[in-house]
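# Summary of the model geometry
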Amino acid sequence: MSLLLIRHGETAGNANGIIQHPETPLNKIGMDQATRLANRLSQTRIDLILSSDYARALETARKISQMSGAEILTSRLLRERNFGKLRGKSYADLGELDVFSKEYIPPEGESWKIFNARVDDAWEEITRTKIKLEGKLVVVTHGLVLRAVIERAIKTPNNR
């Protein structure tokens with residue numbers, strides 16, 4: 001399977017340790033990262049870009065699309081974990097609260113169980129989409145989604 005899994009470029013929220021809202025855009029560094037990545041992929045045959053519909057991922061996908069000419073499809077399944085009422089708060093302001101603990105459920109957000117089930121569905125969508133393509137499928141998403149895909153769906157020497 002020829003598949004490129006990509007995390008969106010940097011945002012001000014990433015740089016400042018803020019739990020982000022869906023509409024958080026790339027910052028200047030993130031736009032530069034997306035442009036450099038698009039330039040690097042410009043000679044690669046990309047059949048399709050599958051992207052989260054959150055602004056930061058979509059901006060990254062659009063840069064790749066501009067250089068490759070590949071169509072972008074969005075998927076709600078590729079969204080970052082929903083941290084509910086914690087969005088907009090800095091990790092520093094949360095004190096001792098470990099939002100990544102397997103037991104923690106953010107207020108009005110997704111539990112790990114629900115998030116992982118959604119990522120499993122996203123992986124099924126990715127594989128169904130890729131089967132129909134001859135060239136590369138580019139998937140632009142978020143850090144926790146990529147981590148869950150790698151841990152749960154992709155067989156590596158560390159997670160067999």
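Above: the structure in question.
Here the structure is a predicted model, which is why all the values come from computation and not from measurement.

Attention now goes to the sheet that holds strand β2 (residues 46–52). The 4 strands lie next to each other as β1-β4-β2-β3, forming an open sheet whose pairing is parallel. Every other strand in the sheet has two partners, leaving β1 (3–7) and β3 (71–75) as the edge strands with one partner each. Each strand of the sheet is rotated relative to its neighbour by a mean of 20°, with strand direction disregarded. Across 5 bridges, β1 lies against strand β4 (residues 136–141) in parallel orientation. Note that in β4 the partner of I6 across the bridge is V140. Sitting on the sheet, helix α5 (residues 143–152) touches β1 and β4, and the angle it makes with β1 is about 140°.

In this model, the largest pocket occupies a volume close to 240 Å³. Counting only elements with at least two residues in the lining of the largest pocket, the list comes to α1 (12–16) and α5. The class makeup of the residues in the lining of the largest pocket is 7 nonpolar, 7 polar and 5 charged. By volume, the second largest pocket amounts to about 150 Å³.

Reading guide: rules and limits
Residues numbered from 1 in each chain as written. Predicted model: local features only at pLDDT ≥ 70, side-chain atom pairs only at ≥ 80, totals over all residues. Heavy atoms only, no water. Pairing = 2+ DSSP bridges. Helix = DSSP H or I, 4+ residues; strand = E, 2+ residues; numbered from the N terminus. Axes fitted to C-alpha atoms, helices over the stretch in contact; angles between N-to-C directions. Contact = heavy atoms within 4.5 Å. 1 Å grid on protein atoms, 1.4 Å probe; cavity = no way out; pocket = protein on both sides within 12 Å on 5 of 7 lines; lining within 4 Å. Points joined across faces, edges and corners; volume = space filled by probe spheres on them. Nonpolar A, V, L, I, M, F, W, Y, C, P; charged D, E, K, R; others polar.

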